[in-house]
Amino acid sequence: MTPATRFAVAIAALPLVAGAVLPSPAAEIPLNERRSAYEDMSRDNKAMQDDDTSNPGILGVLDGEMLWSTPAGASGKSCADCHGDAKSSMKGVAARHPAFDPVSGRPLDLEQRINLSRQQDQKAPPFAAESKELLALTAYVAMQSRGEPVAPPDDPRLAPFIEIGRALFNARQGQLNLSCAQCHDDNWGKSLAGNVVPQAHPTGYPIYRLEWQSLGSLQRRLRNCMIGMRAEPYAYGALEYVDMELYLMWRARGMKMETPGVRP
Amino acid sequence: MAARTLINVPPKAKRGEVIQIKTLISHVMENGFRHDNMGKPIARDIITTFTCAYNGEKIFEAALYPAISANPFITFYTVATESGTLAFQWTGDNGFSQEATAKITVE
Amino acid sequence: MTDPASRMNTTRRAFLAVAGAALLVRPAKATPASMAAAIRQAVGEAHVKPGRIKLNVPPLVENGNVVAVSVSVESPMTEKDYVKTIHIFTEKNPQPNVISFQLNARAGKAEVQTRIRLADTQTVVAICEMSDGSCWSDKVDVVLTLSACLEDPI
């Protein structure tokens, strides 16, 4: 199947979704009805995520574990030199990112936090967005939160950015004139082409997406959604992504972290 | 970064026990049928052979083609005969070669 | 002998042949015939019978890039009677061969797992060759569902 045919079919399926939701504005999913996209996966894909000897995301985690204790930059220090054993020091850290950074006066996501520490503490150049190294280190840090509840910081300084993220999530965009909320708040559980529309809770990032056959960040996933909506995706690192990541984590508060998640 | 391998062999087994061996290796498995954004063909870059030797004797081999997913995952069985080493080797395009070993104690 | 003119002709003829084929089937795609040829190459002229081998592939696949597959064969796996090879083929991938495993009596159990790519809805075939030279096969028709929200290749 060519990508063009896939798109054509995907578009053909869209009016069913869009038509059903036009009259009412998007409503947030009640907390007790939230579910991870894991629940909708096939038995094989669940098994792939559940078994650390078969989850390909673990290859990235192992690379990250090596990077954690490898000295970098002019400081000659490794992450471990300051933070010690990640198993204890990084537990819960991914679950509370994006977090507020007083210097920039903005939320920082986990990848940005890692790169900030590389620059400020290790005196090393930041890893490129979506590079194997950044994904590996992020996956290693985030895996230490596996099983922990998503816990966005109770920080009033984050409130305006959650609101920006919420507004972006509800804004219609792209040539299909769709919002994120129309699919993920109002029509989760229904079919879009061959997929079940998920609720879009970012509990497993970085995820090993079968479509990518690699680890990828939440920003990459958001880009995919925007391309699907025929909107022009923001560049990696755009403030809009971080605000949306923050809103999505707030929306998933209390749900269990799954990193490294496997998704179709 | 070098290729990363993840081998799962039970560290201990009873003599004669049938054990499962699971292997994962990081590799793009570029299939050679794709084009980049400029329409230029992307050259094939895959792992072509995987072997496992148990104390030096080959017990399993696989020939891989472009239809194997990135980060190849292969599992198989063998009879735990004696304590020693299982040696795994992956070879492929562009001189790719990666080895890994796992110890087993047979009682 | 290859003077430039004849070489050009050969190239042109080859191009036309490819272009002609492209009108009938999409380029770079295996066919049931090419799969049959690949099977012959793998197991020779042996008669391939259904049975003894079980191919497990989900009939409905969420993403064709990574499809979990397992193959098991009924065999005592003794020095006298064991599974020598297990092959997986597809009908409509760019090429029919997927993977070929070589086993021996030391395996104890003739069962393998891997993850494969399926380019389209199609039939997947598994064939094994026993130590006595007999060949057995199983096949599964797999439907590839359409994915939404894919990304352009990067």
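Sequence order as written defines residue numbering, which begins from 1 separately in each chain. Naming scheme: in the order in which they are written, chains are lettered from A and ligands are numbered from 1. Totals for whole chains, interfaces and linings use every residue, but because this is a predicted model, local features are given only for residues with pLDDT of at least 70 and side-chain atom pairs only at 80 or more, for both listing and counting.

Every helix listed is a DSSP run of H or I at least four residues long, and every strand listed is a run of E at least two residues long, numbered separately from the N terminus. From N to C terminus, chain A includes eleven helices and seven strands. Our radius of gyration looks at C-alpha atoms and nothing else; its globule reference is 2.2 Å times the residue count to the power 0.38. The C-alpha atoms of chain A give a radius of gyration of 19 Å, which matches the 18 Å a tight globule of 264 residues would have. Taken along the three principal axes of its C-alpha coordinates, chain A extends 60 × 40 × 35 Å. Any residue with 12 or fewer other C-beta atoms within 10 Å of its own C-beta is exposed, any with 20 or more is buried, and the rest are partly exposed; the C-beta atoms used are placed from the backbone. Buried positions account for 45% of the 264 residues belonging to chain A. Each residue gets a C-beta atom placed from its backbone, and two residues are in contact if those atoms lie within 7 Å. Sequence-distant contacts, at least 24 apart, represent 75% of the contacts inside chain A between residues at least 6 apart.

Quick look at the overall build of chain C now. A tally of helices and strands in chain C yields two helices and nine strands. Traced from its N-terminal end to its C-terminal end, chain C shows the element sequence α-α-β-β-β-β-β-β-β-β-β. Taken over 154 residues, chain C has a buried fraction of 40%. Taking the intrachain contacts of chain C between residues at least 6 apart in sequence as the baseline, contacts between residues at least 24 apart amount to 68%.

Moving on: the environment of C:Val67. Residues and elements named next belong to chain C. Counting through the fold element by element, Val67 comes out in strand 4 (residues 67-73). When the C-alpha atoms of Val67 and Val98 are compared, they prove to be 12 Å apart, with 31 residues separating the residues in sequence. Among all residues touching Val67, those that are not within four sequence positions of it are Val57, Val61, Arg115, Ile116 and Leu118.

On to the interface of chain B and chain A, then. Contacts between chain B and chain A engage eleven residues on the former and ten residues on the latter. The class makeup of the residues in the side of chain B that touches chain A is five nonpolar, four polar and two charged. Three categories are distinguished: nonpolar for Ala, Val, Leu, Ile, Met, Phe, Trp, Tyr, Cys and Pro, charged for Asp, Glu, Lys and Arg, and polar for the others, with Gly belonging to the last.

So, about the confidence of the model for chain C. All names here are of chain C. Scored by pLDDT, chain C has a mean of 83; 76% of the residues are at 70 or more. Low pLDDT, under 50, characterises residues 1-27; the stretch is placed with four contacts to residues that sit more than four places away or in other chains. ipTM for the predicted complex: 0.95, alongside a pTM of 0.87. For every residue, the predictor assigns a confidence score, pLDDT, that lies between 0 and 100.

A separate point is the sheet that holds strand 6 (residues 73-79) of chain B. Within the open sheet, the six strands sit side by side as 1(B)-3(B)-6(B)-7(C)-4(C)-2(C). Their pairing is antiparallel. Only two strands of the sheet have a single neighbouring strand rather than two, namely strand 1 (5-8) of chain B together with strand 2 (53-56) of chain C. Within the sheet, the average angular offset between the axes of one strand and its neighbour, ignoring direction, is 15 degrees. Note on pairing: two strands pair once DSSP finds at least 2 bridges between them. Taken together, the six bridges between strand 4 of chain C and strand 7 (residues 111-116) of chain C define a ladder with antiparallel strand orientation. Orientation is described by lines fitted to C-alpha atoms, with helices fitted over the stretch in contact, and by angles between N-to-C directions that extend from 0 to 180 degrees.

Another aspect to go through is the domain arrangement of chain A. All names here are of chain A. Here the bounds of each domain stem from an automatic or database domain assignment. Splitting chain A by domain gives domain 1 (43-50 + 150-263) and domain 2 (57-143). Computed over C-alpha atoms only, the centres of domain 1 and domain 2 are separated by 21 Å. Facing the 26 residues of domain 1 at the interface are 22 residues of domain 2. Listing elements by their share of the side of domain 1 that touches domain 2, those giving two or more residues are strand 6 (214-216) and helix 11 (239-251). The leading source of residues in the side of domain 1 that touches domain 2 is helix 11, at five residues. Its residues assigned to classes, the side of domain 1 that touches domain 2 comprises 18 nonpolar, four polar and four charged.

Another point: the interface of chain B and chain C. Each side of the interface is counted separately: chain B has 22 residues, and chain C has 27 residues. Of all elements in the fold, only strand 5 (57-64) and strand 6 of chain B reach the threshold of two or more residues within the side of chain B that touches chain C. By residue number, the principal contributor to the side of chain B that touches chain C is strand 6 of chain B, which donates seven residues. Class assignment for the residues of the side of chain B that touches chain C results in 16 nonpolar, four polar and two charged. Pairing between strand 5 of chain B and strand 6 (residues 97-102) of chain C: four bridges, direction antiparallel. Residue B:Leu64 lies in a different strand from strand 6 of chain C, and its bridge partner there is C:Ile99.

By size, the foremost hydrophobic cluster in this structure holds 120 residues, and its most contacted members are A:Val141, C:Ile86 and C:Ile88. Broken down by element, this core gets its largest block of residues, nine residues, from helix 7 (residues 132-143) of chain A. For C:Ile86, the contacting residues outside a window of four places in its chain are C:Val71, C:Val73, C:Phe101, C:Leu103, C:Val112, C:Ala126 and C:Cys128. By definition, a nonpolar core groups buried Ala, Val, Leu, Ile, Met, Phe, Trp, Tyr and Cys residues that connect through C-beta atoms lying within 7 Å of each other.

Residues and elements named next belong to chain A. Contact geometry for helix 3 (residues 57-68) and helix 7: axes closest at 7 Å, N-to-C directions at 95 degrees. The angle between the axes of helix 3 and helix 7 places the two elements in the roughly perpendicular class. Residues Gly57, Gly60, Val61, Asp63, Gly64, Glu65, Leu67 and Trp68 of helix 3 pack against Glu133, Leu135, Ala136, Leu137, Ala139, Tyr140 and Met143 of helix 7. Residue classes in the contact of helix 3 with helix 7 are distributed as nine nonpolar, three polar and three charged. Angular relationships are summarised with four words: roughly parallel below 35 degrees, roughly antiparallel beyond 145, roughly perpendicular across 65 to 115, and oblique for the angles in between.

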